Structures are given as structure tokens and as C-alpha cells.
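Survey of secondary and tertiary structure
Here's the letter readout for the chains.
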Amino acid sequence: MTTERSESQQTPSRSRRDDTIQALSTAFAQDELSVEELERRIDIAHRATAPAELDALLSDLKVSLPPVLATKAASAPAAPAARTPAPAPAEIRQHQTLVAIMGGVERKGSWLPARQNQLFAMMGGMQLDFREARMGPGITEITVVCCMGGVEIIVPPDMSVDAGGIAIMGGFAHSTPAPPAHPDAPVLRINGFVLMGGVEIQVRLPGETAGDTRKRTREERKRLKRGPS
């Protein structure tokens, strides 16, 4: 027997995503959205796994929408993006130390960060990917000490990030502002000291490579420059 999937369980079509992004661009042109909010909603639209997630992006807008979207957006509740299930409190370690001396350290996939994470990189590199990490509620702290090395931290668009530090002949790079977060959403707090090295915080969609992110960003910037058609 074949069971039909309800609309809320179906993956959005390409045209549905494009219509939603076009509606968001129109709202931006009419001063309903800031640049930061537009970029945040477009990121969510790209990774949406159900039509209801797209509808929620338009539910608070006054912009004139295509009829099929306007009808659904009026009644769609705002729903937070899906996230990897949070671990039980007993699973979360309080402290964790990662060291890379003339070598490398990598964490990705469904890994479990500690509450307080100390990173030390000397003439080595680290990559921490939080897109599928099992984050506990509240604040997860990362303290970086980097000397002639590099640390790359990858976060999803909907993660709230508080970043800062001291850099001498190096830098802390984080150009994307933190989006408004759900009150119960985890927060990643990053600080530390860099000498002749760098800490880079990149925002990527699930499954994206660095090249994919650059390509998507270029396409979205071109779309914004063209404006609503």
C-alpha cells in the first residue's frame, strides 16, 4: 500500500524555495527586513526541509506575496529550525583540552563538546565543525591560544556566536553577526589570544564546503543587487 506524505512532510521544490527567496528580497526592498535579517532568512530557506519552514519565514511580512505563498504564510506558525537532539546533562563533560603542536586536530559530525573547551595550537591547525555537534543548552565556551598556527570554527547559520579576543600579528575573523536565537538555543562563546596566527569563524549550511559557501554567497549578493524582478 502506498501512503501519501502530507505537505508538511514533503521536501520543498526548487520553485517554492525561489518564490520564497524572491518574496524575502521584495520585503527587503520595501524596508521590512534589514540586510542581516534578509541574509539569515535566505540561509534558512536554502536548508529548509519542509514547506512549513518556508511559510514561517514570510508569516510576519506585509509584502505582497504570490497567491500560493500569501495564503499559507498568513496561517503558518513561526517554527525554529531543526537541530541535532541535545545530549543528556550527564553526558556533557565540564572541561576538554585539544592540543595541536606541528600537527592537526579535527572534530566534525555528531560530536559532543564540553562546557569549557581549551584549544592550544602551535605551528599546527585545528578545525571544529559545530553544524552537527550535539550541543548542550546554554553557553559552550571555547578559549583559544594560537601561536603560528590556525584554528577554523564552522557554525550553522542559526547558531548564536559571541566571539572576541586579542590578536598580535594575527586575527580573529568573524564577519557574520549572530542571528536572533531561540531562548533555549545553545550559544557558542569564543575568546582567546593569537600570536602570528589566526582564528576564523565560518558560517556554512549543512553539507557545504568552503567553496560551496563562497559560491552561494556570491549568488545571493548578485540577487540582492538585481533587486526584486
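What follows is about the overall build of the chain. Along the chain, the regular secondary structure elements total five helices and eleven strands. Contacts spanning at least 24 positions in sequence make up 64% of the contacts within the chain whose residues lie at least 6 apart. In the form shown here, the chain has an accessible surface area of approximately 12500 Å², with 54% of it arising from carbon and sulfur atoms.

Opposite charge on two side chains lets them pair, provided their charged atoms get close. Counted by the stated rule, this structure contains six salt bridges. Glu-37 is paired through a salt bridge with Arg-41; the nearest N and O atoms lie 2.7 Å apart. With Glu-37 and Arg-41 both in helix H2 (residues 35-47), this residue pair falls four residues apart, about one helical turn. Taken as a pair, Glu-37 and Arg-41 share a single burial class, namely buried. Where Arg-204 meets Glu-152, a salt bridge forms, and the shortest distance between an N and an O atom there is 3.1 Å.

Moving on: the environment of Arg-221. Here Arg-221 lies in helix H5 (residues 210-226). Its relative accessible area of 55% is what places Arg-221 among the exposed residues. As a C-alpha pair, Arg-221 and Glu-39 span 182 residues in sequence and 9.5 Å in three-dimensional space.

On the surface, Val-99, Ile-101, Met-102, Met-122, Met-123, Val-145, Met-148, Ile-166, Ile-168, Met-169, Phe-193 and Met-196 cluster together into a nonpolar patch covering about 1100 Å² of accessible area. Mapped onto the nonpolar patch, the elements with two or more residues apiece are strand E1 (95-101) and strand E8 (166-168).

Summarising the element assignment, Gln-127 is placed in strand E4 (residues 125-129). C-alpha of Gln-127 to C-alpha of Arg-107: the two residues are 20 residues apart in sequence and 6.4 Å apart in space. At 2.5 Å, the side chain of Gln-127 forms a polar contact with the side chain of Glu-152.

On to the sheet that holds strand E6 (residues 150-155), then. Taken together, the five strands give an open sheet; going across it, the order is E2-E4-E6-E11-E9, and neighbouring strands pair in parallel fashion. A single partner strand is all that each edge strand has here, and the edge strands are strand E2 (104-107) and strand E9 (171-173). Neighbour-to-neighbour, the strand axes of this sheet turn through a mean angle of 5°, independent of strand direction. Of the strand pairs in this sheet, E9 and strand E11 (residues 198-203) are connected by three bridges, and their pairing is parallel. Residue pairing across strands places Ala-173 opposite Glu-200, the latter belonging to E11.

Quick notes on the rules
- Residues numbered from 1 in each chain as written.
- Predicted model: local features only at pLDDT ≥ 70, side-chain atom pairs only at ≥ 80, totals over all residues.
- Heavy atoms only, no water.
- Helix = DSSP H or I, 4+ residues; strand = E, 2+ residues; numbered from the N terminus.
- Contact = heavy atoms within 4.5 Å.
- Areas by Shrake-Rupley, 256 points an atom, 1.4 Å probe, with all protein chains shown as cover.
- Salt bridge = Lys/Arg side-chain N within 4 Å of Asp/Glu carboxyl O.
- Buried < 20%, exposed > 50% of the residue type's maximum accessible area, 1.4 Å probe, protein only.
- Patch = residues over 30% accessible without salt bridge, like charges linked within 9 Å, V, L, I, M, F, W, Y side chains within 5 Å.
- Polar contact = N/O pair within 3.5 Å; in protein donor to acceptor, adjacent residues only side chain to side chain.
- Pairing = 2+ DSSP bridges.
- Axes fitted to C-alpha atoms, helices over the stretch in contact; angles between N-to-C directions.

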